[in-house]
Amino acid sequence: MSLALLMQSTGGGAEAAEYVYMAAALLFVLGIKRLSGVRTARSGNWLASIAMFAAVAVTMIVLWDVVGGPILISGLVVGAVIGLLLATRVPLTEMPELVALFNGLGGASSMLVALATTAFYISTMGDPGSAMIDGFSIGTVSAGGGHYAAAIVASIFIGAVTLTGSLIAYGKLSGKVNSSRKGLLGSQAMNVLLLVGALVLCWWGGFAADSYSTILTAQVLLTCVALALGIGLVLPIGGADMPVVISLLNSYSGLAACATGFVLENNLLIVAGSIVGAAGLILTMIMCKAMNRSLTNVIFAKFGEASEKEDTGYTNVKSTSAEEVAQLLDVAQSMIIVPGYGLAVAQAQHKVRELADYMSSKGCDVKYAIHPVAGRMPGHMNVLLAEADVPYEELFELDSINGEFSNTDLVIVVGANDVCNPCANDDPTSPIAGMPVLNVWDAQTVVVIKRSLSHGYAAIKNPLFEADNALMFFGDAKQALQDLVTEVQDL
Amino acid sequence: MNYALIAASEADGSNVRFIVIGLWVLLLGIFLGFELISKVPPTLHTPLMSGANAISGITLVGAIACVGADYPGWGKVIGFLAIVFATVNVVGGFVVTDRMLGMFGSKKKGS
């Protein structure tokens, strides 16, 4: 069903709407461009939201006589209220979950638009077996209208996988879904089965079915199978790989919008969808590179399984106290802070900054080393530290800070584990071998603030904790940092 | 140039022509997307993702058409849900992105 044709049928405004869509596409492009620069990012987000508002408004105005006003308005109001509440109330530590949830809803919407379009065809053309409008029928490829059928099944397929995949990612990030759960759903054989089933149903529901009722059956079945596939694909993926998965699902939601663009013959959806798809893919590749793993490896390999047997526990671990670390802080001339997910969980970003401020005030050189996959989302640590007003000039990327550890008196690792595991460099058999890590052990002394000796998400032992120059400071990151601040100020 | 042929194909509906134009747009859009954000500072990974996520809610435009008078009852129900979900995605996505970017901004004053 062409959106433009629908608009023409309402009389007037169809062409004007096309121009508004064109302007919106331009603003989306400019908005995304500005979102990738620190100083311009906020205005970029504004440009994109203005474009969205204009596109939605012009669609509403032109279609006002055709669409049911009360349904439309109540849908918009309900959605806007829920969106606003979630976006303003949710604490920043839960940002990864929230982004995953929004992403899933976008995919759901694309899926539903495609299903509603099928409903429209069936109700308008009601007569089974007749030649269908807009080429939505058997053998339509030769008739030149096959793209409707292909686009509808693609929208359903990608949208459904995005929806349940994002919901599982949401569950994992918020700790509601156990990361290491094993079962039939999520096994590779089951995923292959579901994928093949979905492709067959795509073909059936798009091209092979010979009546509207079978088209409907096939598409409803496709929806169910694709929903199951989304669960199965994300369920076995470990928490450490979540930054990759979220980026990839973000890309999918763009592709789903793109497919919906072909359903509606609307270029704005295609432009916006393809740019989002590309953006998600770029982030996915950046995250994969940061873990030295290929995308297929992330999706198909179960992380950490091989290493479980060789874990023999820790020996030679030196536990330390707030007083002892305070002594070290007192004499340190240079200090690097390595934040990890534990910092986010303990909400310790403000305490970290308090300690860093105090150290800076007495002349110590303070820097933060940010690993690209620290946390559960691309750029997670940057967002958290920004909330605590840490100047981004003090944040350093892996490549630019790794050479500096050897000239540093004191490194404080706050709730990070796998991103500073020497196995990645030293042990070629380790599951994380070759992953770029922060070489914290090069520093004079390393203090690791951690709740226990438990594994990180990669589920492997970290020899750093046994190193001669490493001290373990056990405790909740926030409380531990608070103790440090108090102790060091008392000296 | 056979004008009669062109006229006939235009009267025939826009199907064939749209798929060609649409695929051109898709091709250039993907290329543009890659070029636009080939180099993103890690600071912006999260806001970029969440902003892009909000843009993918553009499917809302399609959802609006799905509560049209010609749609059967259950089609309208699906359309209504599509509108709600897409609006949550759009509004929530843009607001949360602005909230995050606001923090990046406020710290400039501090330093």
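Criteria and thresholds
Residues numbered from 1 in each chain as written. Chains lettered and ligands numbered in written order. Predicted model: local features only at pLDDT ≥ 70, side-chain atom pairs only at ≥ 80, totals over all residues. Heavy atoms only, no water. Helix = DSSP H or I, 4+ residues; strand = E, 2+ residues; numbered from the N terminus. Buried < 20%, exposed > 50% of the residue type's maximum accessible area, 1.4 Å probe, protein only. Contact = heavy atoms within 4.5 Å. Areas by Shrake-Rupley, 256 points an atom, 1.4 Å probe, with all protein chains shown as cover. Axes fitted to C-alpha atoms, helices over the stretch in contact; angles between N-to-C directions. Parallel < 35°, antiparallel > 145°, perpendicular 65-115°, else oblique. Nonpolar A, V, L, I, M, F, W, Y, C, P; charged D, E, K, R; others polar. Buried area = accessible area lost by both parts, 1.4 Å probe. Salt bridge = Lys/Arg side-chain N within 4 Å of Asp/Glu carboxyl O. Polar contact = N/O pair within 3.5 Å; in protein donor to acceptor, adjacent residues only side chain to side chain.

A. The overall build of chain A, seen in detail. Along the backbone of chain A there are 19 helices and six strands. Burial status across chain A gives 57% buried among its 491 residues. In chain A, the proportion of contacts linking residues at least 24 apart, taken out of those at least 6 apart, comes to 79%. Here chain A has roughly 18300 Å² of accessible surface; of this, 62% comes from carbon and sulfur atoms.

B. Representation of the overall build of chain B. Counting its secondary structure elements, chain B contains five helices and zero strands. Secondary structure of chain B in N-to-C order comes out as α-α-α-α-α. Here chain B holds 111 residues, and the buried ones make up 55% of them. A separation threshold of at least 6 residues defines the contact pool for chain B, and within that pool the share at least 24 residues apart is 59%. Summed over all atoms, the accessible surface of chain B reaches about 4500 Å², with 71% contributed by carbon and sulfur.

C. Seen up close, the packing of helix α2 (residues 14-35) of chain A against helix α11 (residues 267-290) of chain A. Residues and elements named next belong to chain A. Here α2 crosses α11 at 10°, and the two axes come no closer than 9 Å. Taken together, the axes of α2 and α11 are roughly parallel relative to one another. Here α2 contributes Tyr21, Ala24, Ala25, Phe28, Val29 and Ile32 to the contact with α11, which in turn contributes Leu268, Val271, Ala272 and Ile275. Among the residues forming the contact of α2 with α11, the class breakdown is 10 nonpolar, no polar and no charged.

D. How the structure looks around the interface of chain B and chain A. Contact with chain B, which involves 86 residues of that partner, is made by 114 residues of chain A. Between chain B and chain A, a total of about 8400 Å² is buried, with carbon and sulfur atoms accounting for 78% of that surface. Of all residues in chain B, Phe18(B), Met49(B) and Ile58(B) give up the largest surface area on contact with chain A, accounting jointly for 8% of the area buried on that side. Remark: the boundary between chain B and chain A carries one salt bridge. Asp98(B) is paired through a salt bridge with Arg42(A); the nearest N and O atoms lie 2.9 Å apart. Along the contact surface separating chain B from chain A lie nine residue pairs in polar contact (both at pLDDT 80 or more). Looking at the side of chain B that touches chain A, the elements that each hand over two or more residues are α2 (15-36), α3 (45-55), α4 (60-65) and α5 (73-110) of chain B. If you tally residues by element for the side of chain B that touches chain A, the top one is α5(B), at 33 residues. In terms of residue class, the side of chain B that touches chain A is built from 52 nonpolar, 27 polar and seven charged.

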